[in-house]
Amino acid sequence: MPSVASKRPIVNLDGFASRSVQDLVEIFNQITASASSPRSSGHLLVLQKSLSPVINFLSPFSKLKDLTDIRRVVWLDEDILKSNREPRDVIDYETLLKEFKSVVFLIEGSILSINCVAEILKTRIFPFTNSLDDGVSYYDLSVLVTSNSVKSADLSFTNLNVRGDIGLYKWSSSTPLMLSSDVLSLERESGGLRELYQLGSVGVISDLAQALLDLIRFSKYNIRITNEFAKGSYSKEFLSIFKNLRETHYSSLSPQEKKLLDDIDDALFVDQHSFFDRQCDLIVLERGLDFVTPLLTQLTYTGLCDEVFGVAFNQVEVETEDEETQAGGSNQQVLRTKKSVKVHLEEPHDELYQRIKDLNFAMAAPLLNSYAKDLQEEFNSRHQAKDISQIKSFVSKLVDLTANQNFLKNHTLLAESLIKTIKTDSAQDEALDELQGDLRDTSQSNYFNAFLELQQDILANNLDNKANYKAITEFLYMFEPPFDDVMRLLILTSIVKHGIRESEYKMFQKELVETYGIKVGPIMGRLKEMKLFCPREHQDYTFLPSLDISAPQANSASTNTGKLGSVQLINDFKNLEAYLKLMPVVENPDLANPTEPDFAFPGYVPVFTRLVESIYSRDFMQESSKATNRPGWKGFQRLGNLLDGPMEENVLVPDSKKQLFGTPPPPLRQRAKDDTLEELVIVVAIGGISHGELSTLRFVMSKFPSKRLLVLTSGVIRASDVISQAAS
Amino acid sequence: MNANPSLGWERLQDVFYRIRECCPTLNWSQDLSKNLVAVAPFSSTIAMFSNKFGTGAVHGTFIKVYSGSGSEVCSIPWLNSNGDIVALGWNDQMHLIVVLSSGKTRVYSNFEGDFTEFSLGLSTGETVKEAKFWSSGMVVRLSNDQFVAVTSYKRRVMLWLEEIVELTLKQESVKSWALNPPLYNRELSVLVSTETGIRAIGTTTVQDMGFKAGASCHLIALPRVGDFVSLFTKDHTILIVTSDFKTILSEFSSDNGGIPIQMEWCSNDAVLVAFKDEIKVVGPSEESLAFYYDSDVVLSPEEDGVFILSNDRLEFFSKVGDATAETFRLGSTAPSAVLLDAIDQLDRHSPKADENLEIIKDNLVEAMDVCIRAACEEFDAYWQKRLLRAASFGKSSVDLYNPEEFVEACNILRVLNAVRQPEVGMFLTYSQYLNLGPEKLIEILLTRQQHYLAFQVAQFLDLPVDPIFIHWACCKVKYSRDLSDESLFDVVMKKLEPRKPITLAKVAKAAYEEGRTKVSIMFLNNEPDLNKQVPLLIEMEEDELALIKAEDGGDADLLLYVLIMLQNKLSLADFFQIINHRPKAIGVFKQTLCQFYPKLLQDFYYQDDQVGKLAELELDSEYGNHNLIKTQQDVDRRRTTLHGVSRLLAKGGVDAQEDSVLVQSELYLLTLQEKYTNAYDADFFNKSAVEMLEKVLSLASLAKAAKAQKELRISDKRYWWKVAKVLAKEHRFEEMYEFAVSKRSPIGYEPFYHECVKYGEKRHAALYVAMCSRLNYKQRIRMYLVVDDLKSAAEEAFKKRDLDYLSVIEERGNSVIKRQVQEYRETMGGRR
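Residues numbered from 1 in each chain as written. Chains lettered and ligands numbered in written order. Predicted model: local features only at pLDDT ≥ 70, side-chain atom pairs only at ≥ 80, totals over all residues. Heavy atoms only, no water.

The name given to chain B in an unreviewed UniProt entry is Probable vacuolar protein sorting-associated protein 16 homolog, with Kuraishia capsulata CBS 1993 as the source organism. The UniProt entry for chain B carries the following comment under Sequence similarities (unreviewed entry): "Belongs to the VPS16 family." The record held by UniProt for chain B lists under Function (unreviewed entry) the comment "Essential for vacuolar protein sorting. Required for vacuole biogenesis, stability and to maintain vacuole morphology." (UniProt positions renumbered as here; feature names shortened; annotations may be inferred.)

If you check an unreviewed UniProt entry, chain A appears there as Sec1-like protein from Kuraishia capsulata CBS 1993. On record in UniProt, under Sequence similarities (unreviewed entry), the comment for chain A is "Belongs to the STXBP/unc-18/SEC1 family."

**Student:** Explain the overall build of chain B here, please?
**Tutor:** When its secondary structure is counted, chain B shows 34 helices and 29 strands. The C-alpha radius of gyration of chain B comes to 50 Å, more than 25% above the 28 Å expected for a compact globule of 832 residues. Summarising its shape, the C-alpha atoms of chain B cover approximately 150 × 75 × 65 Å along the three principal directions. Burial status across chain B gives 54% buried among its 832 residues. (Helix = DSSP H or I, 4+ residues; strand = E, 2+ residues; numbered from the N terminus. Rg over C-alpha atoms; globule rule 2.2 N^0.38 Å. Buried < 20%, exposed > 50% of the residue type's maximum accessible area, 1.4 Å probe, protein only.)

**Student:** Would you explain the environment of Phe-379 of chain A in this entry?
**Tutor:** All names here are of chain A. Mapped onto the fold, Phe-379 is located in helix 15 (residues 361-384). C-alpha of Phe-379 to C-alpha of Asp-484: the two residues are 105 residues apart in sequence and 46 Å apart in space. Aside from chain neighbours lying at most four places away, what touches Phe-379 is Phe-394, Leu-398, Leu-401, Thr-402 and Gln-405. (Contact = heavy atoms within 4.5 Å.)

**Student:** I tried to follow the sheet that holds strand 5 (residues 61-67) of chain B on my own but got confused; where do I start?
**Tutor:** Sheet strands pair via backbone hydrogen bonds, and the direction of the pair is either parallel or antiparallel. Residues and elements named next belong to chain B. Taken in spatial order, the four strands of this open sheet run 3-4-5-6, and their pairing is antiparallel. In the strand order of this sheet, the two ends are held by strand 3 (36-39) and strand 6 (72-78), each with one partner. With direction set aside, neighbouring strand axes in the sheet form an average angle of 15°. As paired strands, strand 5 and strand 6 are joined by six bridges and run antiparallel to one another. In the sheet register, Val-65 faces strand 6, and the bridge partner there is Cys-74. (Pairing = 2+ DSSP bridges. Axes fitted to C-alpha atoms, helices over the stretch in contact; angles between N-to-C directions.)

**Student:** Mind showing me how you'd approach the interface of chain A and chain B here?
**Tutor:** Interface size, as often reported, equals the accessible area lost upon joining of the parts. Taken together, the contact between chain A and chain B spans 64 residues of the former and 64 residues of the latter. Approximately 5500 Å² of surface area, both sides summed, lies buried where chain A meets chain B, with 58% of it carried by carbon and sulfur atoms. For the chain A face of the interface with chain B, the top three residues by lost area are Lys-151, Tyr-477 and Ile-518 of chain A, together amounting to 13%. Summed over the shared surface of chain A and chain B, the result is seven salt bridges. Measuring nitrogen to oxygen at the nearest pair gives 2.3 Å for the salt bridge that ties Glu-480 of chain A to Lys-722 of chain B. The interface formed by chain A and chain B includes 23 residue pairs in polar contact (both at pLDDT 80 or more). No other element matches the nine residues that helix 21 (residues 502-516) of chain A contributes to the side of chain A that touches chain B. (Buried area = accessible area lost by both parts, 1.4 Å probe. Salt bridge = Lys/Arg side-chain N within 4 Å of Asp/Glu carboxyl O. Polar contact = N/O pair within 3.5 Å; in protein donor to acceptor, adjacent residues only side chain to side chain.)

Set out below in structure tokens:
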């Protein structure tokens, strides 16, 4: 997209990722500097295991060791508090303490981890530090917490009577992780869904708000949010928490910094127009708005990788069979060894991945082929080299070519493994296929396709209650699928049909317990509370009951439903789908150049994507709802009846500039030609977002070349996260 | 006023010194000789304690604090029962330090009598004899001639200096000592003169300087900067030596026979010795100056000079700066002097003004710079103005001149003149001001409660004014005991409102400390930073309000902080009571505390009567991670748990009772698991009903499986599927076929076909195709083809008269099939 390249970025995020490591190094420098023992023997790092992938993501460990003078790493003994632990797991601190004068604990800062540290200090470390014979040996004991909870951590350590013995440091910039140039993620377990919806904790929201504030500070306040949009009660809560954090932060600024902020505002609000020319939008959405999408099978390259192998911290682990042909004379032997290969996605310079990551896999695979061909041709070009200069130019490209070849190898490996999973086992028989025409393949021997088809049927509401029950149970009997997959279908059914018929709900319950045991009982209970898998309520959902009655009180209704913890917000899927064109009918679909963002899921557009798109363009909607002369959700009231949760839309004008906006905003003005600063659109996805949704968001935003998308989320999630968050 | 400042100058060798009056008269009537006196840095305040010798058991003695101009700033009542004051001192925070003979030390943080006290921890019998102070600490000499240093009052860091054995054993006695503070990369040490010489005591070393001439000297003094030491020896000689005591730089015999009281350095140029009635100034040569007084004097050294306090006046003794000297020296022809003269001429409307400019035109800029610098040095506004005018006059004839220095000098002089007014009485010199910095100056003004002046200065120098308002508000709160809560709040907020957002926690704290909780909360409600607001509310026992505030803010860390605080101080019941109906608090509670203390969650659900949740917890822990049944005890435990859960649920609502049904059937399943485990001698525990059925199928005959199906209450469809799957997997195809044809299948026969295909049993698979009556013939043909039964496929195609399929089959078949197809074709053709 050339138009984007010419835009001046509002903030250069390159440093945002590296600042985490810099901060960590800085903390270690502080620890070293404040060391009471002048003899530097390096640090012993006691690391909470769950933080290890984060560290690995941020920096190769060897490099970190060099930078921080960490000499050795042991795991935090998280079982230490259990009474029935195996004694052999004990880490021998006595020996370690002879070697190290500085012990640094790196923990999340949860109560559990804090108690572990305190217990280790009391039972494993203090006995040895106190009984040392030379008396002058001081030990430096430091604790780094990665969460924002340093105030409470401080208090907890005080409660445990060890606060005086340790130096407490906060390394809050460990998150969000920059997963790609436009995605920042806290990488919470299952996207923080459990915290949000099972426990009803605002912790995730609070951390997201903190992350956004950090981002703004990182941009030296160049990110000045002018418009905010929020849908859903948690989203509204986010705005409120963010506002509090922002105000607290601003009140703590030095007068010089305050002046800087005022200057930015002055430049931004010269007149009514200037503000709209330099928009920076904050769009806050929560998972409750759309539990449908994350349950569907993701069909983009990255999404499918996540679905099939699981992508964690941009890394895929895939099992391959290695074929080694041993040429032993005439009798060639083929040795097959299974091994698992780790493939890193989002590697810098991996252009191939950037080209295919958001594509529907059906398109990605051919692209891989043609890329391979091109690459081979480039390699072959060496044979055509006629003179020294041509050879030289080839050699100079060689490094890149080899790197690209490696990338290609990795992606080919992934693609082949994916194809194995999704292709029908039974051999294609073209002659027969032609004769059979539309007849459905009775064998259904391919799980992937059967699953996909069933999803589509449910989404399109093709099946009546009875048929739906039959289809799902048959799927269950036939494939004996994992619990998660059955649950996905049931939740879809429940959302689409606004609850499952009481009798069928009971039967499903029985079937599931029968198959997977009573341990799934509590999971179903929690999903029921979340209104994800639930019986239809008794005041039955008759055809469009509330439309006319509740329309006038749309606004007051939004405050009623503003209660925290309301979970599944889709109220009327059928009409929502029609209103937002979630399942657009595309004539002659061209997968290579899709016109609708429905390529990432089986013919389905995520609600998030539509909500974001609708701010800037309503072209996808019916004529009547289109009218909007300026970005925003104006004229979108009907949505309130279909999708619960309050809807907020604010223009953030400082009080001093309010008089400029006393009159209604003027129509959109032609943008000045020399306006080269890009406009940031920050989408905050509370409760996680899937790869497929990210792809569609990118697709939608690419239609607005002056806008730059930045997604901040509590985690990149997949379907199993939605189910597992309900497990204990 | 002097016609020329130089008239008051005194020359010592080739250097001019001058002594300037800071304040014409001190408006006190104090006799320095009867008081303990401590002059604060910059002579901003002077502390005095009248009961110097601890004689009178007088009631109502006071530590009086005066400004530099002698007006009383405050007076701190001192009861003799508090202890005997040995020394008064100041630190650079303008905190008054009071050292008692018992070793107790008080640090007064303001002039309202607020202090913190700490003890040096002396052993019994030890008392403090003397104390000497530096900007951030002090050294005390104890009665047993040990020296103790306090290097930080705030952190109360005390260092016991190395002891000199001869002293502590009383073989020798201390004649005098001086403190070498730990500044400029020097380590703290004390120079001690005894009968045998001079020793330097550090924290770990004692060094004998071997300087016999310094034995038993009356006084020792060190300059702030520079490696010199001055000694006043017992034979009344003032010696100036290098700090390593190797070289004597100057030796001066005093003609005053009296006992010297104090010796101080003026910068590092000259030494001042104060006698009872005279001050002698000794330079590096034989010459000396003498100033006579009719009272005791106190010397207070600064970086650039010495303050001299006598009974009736405060003076500043300093070297005349180069700029001032060359401008004012009589007969000076320096450019600055000429420029200054031009102003005189100008005032007289003499044309010589221009001539003067002409003379120095090549050095005009230099002349202006010097004039500006000289102006800064002057105390007298008349000369300041005159010099600045000279500079400004010169400026008019220079094309390009950077006016920054000029403007800055004007600004600073304005500030300095303001604080030098008798009402304030801080005789800060220009260079002292530069060292101090404007922020510090404002702080000092605030401790003196000069709020308006501080505000003016801050505005004038473009510094933040918020701290001034806050300080004012705190004082206002403190001194407005008579105002009602509302009016106090209104008065304060009227001033602070326009300054929002401004942090009010300090004001609230001040109010709380005054015991005015209500108004304190009113202030806290206006505090923008919850992190400051909430902890204070908890301190004030406003638990519920703190929780509400933390909830409103939504910062999870702060919420957790409050929860832990509340949990620390409240009983569990009260704790639950307070968090009840606070969804965010409960959320954070569940996410954090309960993850670590699962029992807490149980208690919470119990008090809240959440039966379903309690049951869920029970089940989770029973079926949780790797909690498998291995022994009979496990079985019993599980049964007990399930019974418990079932009873629990029975008490609940409709939903709970429905769940209770599930638990009941699990109990039933457990019984079956026991039964089957015994019957089949295999482990049936930890399995679902379907898994149990599968196990029976693979272990036993179909008849037994059918019985198990009934017992396990598994539907026919599920059963048929399971049979097909298990038997095919175990290659029991014959059995499977028998079963398939024994009854009409509720699931059709495709599953049987597919399962056979899956395990490569094509022959058996073909048997089921014909039974798939629900399927289209095309599909059947395909099924036949998959299992290589071309004959049946052809037959099927023939039945439906499908020539297309027949040709496809013909293509794939061997000669037998081809012939067969040919036959079919003919038959069909024959008919046609």
